[in-house]
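Listed below are the residues making up each chain.
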Amino acid sequence: MPVAGMCPYFRYEKKGITYCECGELKLPDRGARRDIVYAYCAHPDNYKCCPFKGALDGYYERRYQ
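Residues numbered from 1 in each chain as written. Predicted model: local features only at pLDDT ≥ 70, side-chain atom pairs only at ≥ 80, totals over all residues. Heavy atoms only, no water.

## A look at the confidence of the model for the chain
Mean pLDDT over the chain stands at 91; residues scoring 70 or higher make up 94%. Looking over the chain, one finds the lowest element-wise mean pLDDT in helix H1 (residues 30-41), namely 92, and the highest in helix H2 (residues 51-63), namely 96. (pLDDT = per-residue confidence, 0-100. Helix = DSSP H or I, 4+ residues; strand = E, 2+ residues; numbered from the N terminus.)

## Structural notes on the pattern of salt bridges
One pass over the full model with this rule turns up 3 salt bridges. A salt bridge links glutamate 21 to arginine 11, with the shortest nitrogen-to-oxygen separation between them at 2.8 Å. With glutamate 21 in the loop between strand E2 (17-20) and strand E3 (23-26) and arginine 11 in strand E1 (residues 10-14), this pair connects stretches of sequence that are 10 residues apart. Glutamate 21 gets classed as partly exposed once you look at its relative accessible area, which sits at 29%. Between arginine 33 and glutamate 13 there is a salt bridge, and its shortest N-O distance comes to 2.8 Å. With arginine 33 in helix H1 and glutamate 13 in strand E1, this pair connects stretches of sequence that are 20 residues apart. With relative accessibility at 25%, the residue glutamate 13 sits in the partly exposed group. (Salt bridge = Lys/Arg side-chain N within 4 Å of Asp/Glu carboxyl O. Buried < 20%, exposed > 50% of the residue type's maximum accessible area, 1.4 Å probe, protein only.)

## Here we look at the environment of lysine 48
Looking at the secondary structure, you find lysine 48 in the loop between H1 and H2. Along the sequence, lysine 48 and cysteine 7 sit 41 residues apart, while their C-alpha atoms lie 7.5 Å from each other.

Here it is in structure tokens:
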């Protein structure tokens, strides 16, 4: 089932791989995928707590400062 990401860095999912601007996440099973993607990427508030989002926010702050 496709997931709509709340995180601005979430790209898409294809063949079990979650594509984020920070990288590609190949999770070991559907349970792990659910734990990560639904807890962060697709969550209306928790996406702000994702360490990948924090790293990319810092990158863009440094780059465009």
